[in-house]
Amino acid sequence: MSERTPNISPIMTDLLLDPAIRTWVFIPIVVVTFFAGIVRHYVHLLLQTKKKGELVKLQDTHYLAKARLLRMNGGVLPRADFEMRKHFLTNEKEGYLQQKMQAPSNQANMMTDPSMMTEMLKGNMLNMIPMVVIGGWINWTFSGFVTTKVPFPLTLRFKPMLQRGVNLSSLNAAWVSSASWYFLNVFSLRSIYALVLGDDNAAGTTMDEQLAGVNPAVQQDPKQVFKAEWEALQISFHKFKL
Amino acid sequence: MVEKKQAATSSDKRDAVYSEAAIRNNFGILEYSRTCQAAAGGIASGALGLTGTYGFLFYFVTVFLQAVFWEYKAGFKWQDFFAVRNLSISHSLVGGLLTYVLFWVFIYGIVYVY
């Protein structure tokens, strides 16, 4: 790999990089990162434990959907029918939603729920380990030379971070090493995974997204959802469209 | 491309009810086209050799262009399809920026450095 020092040439590049770097470093890092993500997604799919749904939970979901549909499409029902369904759901003493709202909250501590913990841990491990392993390998294999030049000017403070193995003090901070190219790939390929793998892909989420998504959603969910649905039904009134 | 589904049905003029599935479908469309726009913009920017500020400026030009396309696709009645008005500009701005930078650096490297 040869690098010629800059001289007074009017061409755009100040460093000339061996095309072998392009073929064997630049493109392979992109390819490896991309396929590692795809593999991660499929491994995640394979390792997923089948969740056994409880009958009560399923029933709840269905009733919620029924309430929502009632709100949306109530206009095609005759008034009496609409009121009857609304009464069934929201009545003070025997309405289904009311009962569910008063039910004691048994979502005391979601963090200690074993099945969810293992799910979260598995997800975290699955994401972190390949990233660390591949990052380490890239750092070890492709060290000591710059990989590419980023098109925007960077301050000198970024130099030790972005030019890990290269110790040239006069080199423009825009020239980056392979490790930083790898990290740029990892962060930016997430939206492309959404394109390729469909919307809910396991390759795209990071640890904090998982944590934030699971925790608050489950803890308050059932009671809040019923309450919201109850309120919405209360205020909806029947306008006959036919 | 999948058509945007009409999300809002207003049973009266005061409040509109948004259909879950349609909203999700619409967001999927936004995400998809945002990624494509970022990729195409990045490739163009790298090939053109834009550096520094001009590069980032170009990204925001493509964002604006994409917003125009989305508004046109929605028949200029954004509220019928989305609950939030400024989504046409702000949806997944940073995600798109990352994708844009990736393609920008990649193509710039391929074309100008090697």
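Residues numbered from 1 in each chain as written. Chains lettered and ligands numbered in written order. Predicted model: local features only at pLDDT ≥ 70, side-chain atom pairs only at ≥ 80, totals over all residues. Heavy atoms only, no water.

Side note on the overall build of chain B
- Secondary structure assignment for chain B yields five helices and two strands.
- Walking chain B from its N terminus toward its C terminus, one meets helices and strands in the order β-β-α-α-α-α-α.
- For chain B, buried positions account for 45% of its 114 residues.
- In chain B, the proportion of contacts linking residues at least 24 apart, taken out of those at least 6 apart, comes to 70%.
- Here chain B displays about 5,900 Å² of accessible surface, and carbon together with sulfur accounts for 68% of that area. (Helix = DSSP H or I, 4+ residues; strand = E, 2+ residues; numbered from the N terminus. Buried < 20%, exposed > 50% of the residue type's maximum accessible area, 1.4 Å probe, protein only. Contact = heavy atoms within 4.5 Å. Areas by Shrake-Rupley, 256 points an atom, 1.4 Å probe, with all protein chains shown as cover.)

Let's talk about the nonpolar core
- By size, the foremost hydrophobic cluster in this structure holds 42 residues, and its most contacted members are Ile29(A), Val146(A), Trp175(A), Trp181(A) and Val101(B).
- For this core, the secondary structure elements donating two or more residues are helix 1 (19-47), helix 5 (114-141), strand 2 (175-177) and helix 7 (178-197) of chain A together with helix 1 (20-48), helix 2 (52-73) and helix 5 (93-113) of chain B.
- Leu30(B), Trp70(B), Ala74(B) and Phe81(B) belong to the second largest nonpolar core, which has seven residues in total. (Core = buried A, V, L, I, M, F, W, Y, C linked by side-chain atoms within 4.5 Å.)

Focus on the layout of surface pockets
- Put simply, the second largest pocket is a space of about 470 Å³.
- Listing elements by their share of the lining of the second largest pocket, those giving two or more residues are helix 5, helix 6 (159-162) and helix 7 of chain A together with helix 5 of chain B.
- With seven residues, helix 7 of chain A is the largest single contributor of residues to the lining of the second largest pocket.
- Looking at the lining of the second largest pocket residue by residue, the class counts come to 19 nonpolar, three polar and one charged. (1 Å grid on protein atoms, 1.4 Å probe; cavity = no way out; pocket = protein on both sides within 12 Å on 5 of 7 lines; lining within 4 Å. Points joined across faces, edges and corners; volume = space filled by probe spheres on them. Nonpolar A, V, L, I, M, F, W, Y, C, P; charged D, E, K, R; others polar.)

Topic: the UniProt feature "transmembrane region" (unreviewed entry) in chain A
Residues and elements named next belong to chain A.
- Under the feature "transmembrane region" (unreviewed entry), the UniProt entry names residues 20-43 and 125-146.
- Along residues 20-43 the backbone is 100% helical and 0% strand, and the end-to-end C-alpha distance reaches 33 Å.
- In residues 125-146, helix accounts for 77% and strand for 5%; the two terminal C-alpha atoms are 31 Å from one another. (UniProt positions renumbered as here; feature names shortened; annotations may be inferred.)

Some details on the packing of aromatic side chains
- Inspection of the entire model under this criterion finds 13 aromatic pairs over all chains.
- Here Phe26(A) and Phe106(B) contribute two aromatic rings whose centre-to-centre distance is 5.4 Å and whose plane-to-plane angle is 25°, an arrangement assigned as stacked. With one member in each of two chains, Phe26(A) in helix 1 and Phe106(B) in helix 5 form a pair that bridges those chains.
- Plain terms: the ring middles of Tyr182(A) and Phe183(A) are 5.5 Å apart, the flat faces sit at 55° to each other, and that makes the pair tilted.
- On the accessibility criterion, Tyr182(A) (3% relative accessible area) is buried. (Phe/Tyr/Trp six-rings, centres within 6.5 Å; stacked < 30°, edge-to-face > 60°.)

Considering unusual backbone geometry
Residue and element names in this part refer to chain B.
- In this structure, Phe 76 is a non-glycine residue whose phi angle is positive, near 65°.
- Note that Phe 76 resides in the loop between helix 2 and helix 3 (78-81).
- The phi torsion at Ser 92 lies on the positive side, around 50°, for a residue other than glycine.

Structural notes on the UniProt feature "transmembrane region" (unreviewed entry) in chain B
All names here are of chain B.
- Following the UniProt record, one finds the feature "transmembrane region" (unreviewed entry) at residues 54-72 and 93-113.
- Annotation note: span residues 54-72, helix share 100%, strand share 0%, distance between end C-alpha atoms 27 Å.
- Structurally, residues 93-113 is divided into 100% helix and 0% strand, and its ends, taken at the C-alpha atoms, are 28 Å apart.

Regarding helix 5 of chain B
- For helix 5 of chain B, spanning 21 residues, the distance from its first C-alpha to its last is 28 Å, which sits close to the expected 30 Å at 1.5 Å a residue.
- Listing the buried residues of helix 5 of chain B in full gives Gly96(B), Thr99(B), Tyr100(B), Val101(B), Leu102(B), Phe103(B), Trp104(B), Val105(B), Ile107(B), Tyr108(B), Gly109(B) and Val113(B).
- Contact partners of the buried residues in helix 5 of chain B: helix 1, strand 1 (146-149), strand 2 and helix 7 of chain A together with helix 1 and helix 2 of chain B. (Expected span 1.5 Å × (residues − 1).)

Re the confidence of the model for chain A
- Across chain A, the average pLDDT comes to 72, with 69% of residues at 70 or higher.
- Low pLDDT, under 50, characterises residues 107-112 of chain A; the stretch is placed with seven contacts to residues that sit more than four places away or in other chains. (pLDDT = per-residue confidence, 0-100.)

Notes on the pattern of salt bridges
All names here are of chain B.
- Tallying each qualifying case throughout the model produces one salt bridge over all chains.
- With a shortest N-O distance of 3.2 Å, Arg 85 and Glu 71 are connected by a salt bridge. Here Glu 71 lies in helix 2 and Arg 85 lies in the loop between helix 3 and helix 4 (87-90), a separation of 14 residues in the sequence.
- Taking the relative accessible area as the measure of exposure, Arg 85 reaches 44% and is therefore partly exposed. (Salt bridge = Lys/Arg side-chain N within 4 Å of Asp/Glu carboxyl O.)

As for the interface of chain B and chain A
- Opposite the 28 residues of chain B that make contact, chain A presents 31 residues.
- Regarding the contact of chain B and chain A, the summed buried area is about 2,600 Å², with carbon and sulfur atoms giving 77% of it.
- Linking chain B with chain A are one residue pair in polar contact (both at pLDDT 80 or more), by the criterion used here.
- Put simply, the parts of the chain that give the side of chain B that touches chain A at least two residues each are helix 1, helix 2 and helix 5 of chain B.
- The leading source of residues in the side of chain B that touches chain A is helix 5 of chain B, at 14 residues. (Buried area = accessible area lost by both parts, 1.4 Å probe. Polar contact = N/O pair within 3.5 Å; in protein donor to acceptor, adjacent residues only side chain to side chain.)

Concerning the side chain of Ser177(A)
Residues and elements named next belong to chain A.
- Among the secondary structure elements, Ser 177 is positioned in strand 2.
- Relative accessible area serves as the criterion here: at 5%, Ser 177 is assigned to the buried category.
- With residues near it in sequence (within four places) discarded, Ser 177 still touches Phe 145, Val 146, Thr 147, Leu 162, Gln 163 and Arg 164.

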